[in-house]
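Next come the chains, spelled out residue by residue.
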Amino acid sequence: MWTQRSLMLRSKSKGFHLITAEVEKELKDVIGTVRCGLLHVFIQHTSAALTLNENADETVRQDFESVFNVLVPENQSYYQHNDEGPDDLPAHIKASLLGASVTIPIQDGRLALGTWQGIYLCELRQHGGARKLLITLQGET
Amino acid sequence: MWTQRSLMLRSKSKGFHLITAEVEKELKDVIGTVRCGLLHVFIQHTSAALTLNENADETVRQDFESVFNVLVPENQSYYQHNDEGPDDLPAHIKASLLGASVTIPIQDGRLALGTWQGIYLCELRQHGGARKLLITLQGET
Amino acid sequence: MWTQRSLMLRSKSKGFHLITAEVEKELKDVIGTVRCGLLHVFIQHTSAALTLNENADETVRQDFESVFNVLVPENQSYYQHNDEGPDDLPAHIKASLLGASVTIPIQDGRLALGTWQGIYLCELRQHGGARKLLITLQGET
């Protein structure tokens, strides 16, 4: 069984945002039929990313924002690609550190995430706008 | 063909550990039947990670531990999420830098890793405890 | 439908190189038959990596090279694994930060990359030599 869905996420502020519920909602009519499978969530952008991390305490997501800004600082004199402002090149670097997709097992009709795992949209631009995900679900029914 | 297995890894010290043999052992009755496929290894935690890297020289894994501690240092004044001690927030950040899963091709019944590639469990906490992997194998027999 | 292909990339200079066209060319006889699927591109090395990022402006790839050299500097006194020169250990670390594979959705016979997304070969060594990719394509025809 293969299913593919586009999911347009509304514009979000620069930072890390939990989107597990939005992804699950998009799949709610089909995921229950998959006994064993994989969910691939892919972001079609180069200045935003996806990752899995802590789903409960909001300060984790706030700390992610602080730490990634320290790890890849803006306004370094050696950056060449600055056309779209100081957050432009750092966003591209962070996107490759975090990754453009997550792959999550499906077990008995449900995402087999650990207790504390959630899907983060990593919005790496000040004004990134809406972000498009392409979700591919495959498995054995 | 789809197969899914849980693999509980015994508690390991903070650092990077080769687990290729443990993963292969878990699959030894099925992997030989897959002509062409993919193995997805997923860790159901947010303070441990999986990656592929050098499988021979132990100093690589020791250097990983040193470098990641420099890259994401403990005890930064701006961290908010410190409830579980100084290794708590850095573990979450490192987990997203490294990733929660690896996907490895299967070719003619074997993991198609390069000569020097092995699977690392990245234990990012001082006392992370046992870690649960969910392994999904799919392919053409 | 499953297809697996090896692709040997000719030796490239240390840095980040766009290889989307080379990957697509390797698959040109089969990708058009896949209505919905996934492409897994895997590098069988531990001192080179794959990532998705900006496909247009060459300065992005040049800045990647600069930033990763700052993020994981050579010649740190605490590195133990230096047998193959100062770029040896940093290459392994960068490989795990970036990742050994990318998974890209296939939609209606084409790679469903975003407008600005391309596949980067990240050559992390001064003299890495030829690099071997194993490409696995699966999907519904």
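Preceding this paragraph is the structure being described.
Below you will find a few notes about this structure. (Residues numbered from 1 in each chain as written. Chains lettered and ligands numbered in written order. Predicted model: local features only at pLDDT ≥ 70, side-chain atom pairs only at ≥ 80, totals over all residues. Heavy atoms only, no water.)

### Quick look at the overall build of chain A
Item 1. On a plain count of helices and strands, chain A comes out with three helices and eight strands.
Item 2. Counted from the first residue to the last, chain A has its helices and strands arranged as β-β-α-β-β-α-α-β-β-β-β.
Item 3. For chain A, buried positions account for 64% of its 141 residues.
Item 4. For chain A, long-range pairs separated by at least 24 residues make up 83% of all intrachain contacts whose partners lie at least 6 apart in sequence.
Item 5. Counting every atom, chain A has about 5400 Å² of accessible surface; 45% of that belongs to carbon and sulfur. (Helix = DSSP H or I, 4+ residues; strand = E, 2+ residues; numbered from the N terminus. Buried < 20%, exposed > 50% of the residue type's maximum accessible area, 1.4 Å probe, protein only. Contact = heavy atoms within 4.5 Å. Areas by Shrake-Rupley, 256 points an atom, 1.4 Å probe, with all protein chains shown as cover.)

### Quick notes on the sheet that holds strand β7 (residues 117–123) of chain C
Residue and element names in this part refer to chain C.
Item 1. Read from one edge of the open sheet, three strands run β2-β7-β4, paired in antiparallel fashion. At either end of the open sheet lies a strand with only one pairing partner, and these are β2 (15–18) and β4 (48–54). Put simply, the sheet's adjacent strands are angled 35° from each other on average, direction ignored.
Item 2. In terms of strand pairing, β4 meets β7 through seven bridges, oriented antiparallel. (Pairing = 2+ DSSP bridges. Axes fitted to C-alpha atoms, helices over the stretch in contact; angles between N-to-C directions.)

### Details of unusual backbone geometry
Residue and element names in this part refer to chain B.
Item 1. Notably, Asp108 is not glycine yet its phi reads approximately 50°, a positive angle.
Item 2. Mapped onto the elements of the fold, Asp108 is located in the loop between β5 (101–107) and β6 (110–111).
Item 3. Asp108 gets classed as exposed once you look at its relative accessible area, which sits at 61%.

### Digging into the interface of chain C and chain A
Item 1. In this complex, chain C contributes 33 residues to the contact, which on the side of chain A involves 26 residues.
Item 2. Summed over both sides, the interface between chain C and chain A buries roughly 2500 Å², with carbon and sulfur atoms accounting for 61% of that surface.
Item 3. Contact with chain A buries area across many residues of chain C, yet C:Asp63, C:Val67 and C:Gln117 alone supply 19% of it, more than any other trio.
Item 4. At the boundary of chain C and chain A, one finds zero salt bridges.
Item 5. Counting across the interface, chain C meets chain A through 13 residue pairs in polar contact (both at pLDDT 80 or more).
Item 6. At the level of elements, β3 (36–43), β4, α2 (58–71), α3 (88–98), β5 (101–107) and β8 (131–140) of chain C are the ones that each hand at least two residues to the side of chain C that touches chain A.
Item 7. For the side of chain C that touches chain A, the element with the most residues is α2(C), which contributes 10 residues.
Item 8. Residues belonging to the side of chain C that touches chain A are distributed by class as follows: 17 nonpolar, 12 polar and four charged. (Buried area = accessible area lost by both parts, 1.4 Å probe. Salt bridge = Lys/Arg side-chain N within 4 Å of Asp/Glu carboxyl O. Polar contact = N/O pair within 3.5 Å; in protein donor to acceptor, adjacent residues only side chain to side chain. Nonpolar A, V, L, I, M, F, W, Y, C, P; charged D, E, K, R; others polar.)

### Side note on the interface of chain C and chain B
Item 1. Of the residues lining the interface, 26 residues belong to chain C; the matching set on chain B comes to 33 residues.
Item 2. If you look at where chain C meets chain B, you find zero salt bridges.
Item 3. Mapped by element, the contributors of at least two residues to the side of chain C that touches chain B are β1 (2–9), β3, α3 and β8 of chain C.
Item 4. Broken down by element, the side of chain C that touches chain B gets its largest block of residues, six residues, from α3(C).
Item 5. Considered class by class, the residues forming the side of chain C that touches chain B number 12 nonpolar, 13 polar and one charged.

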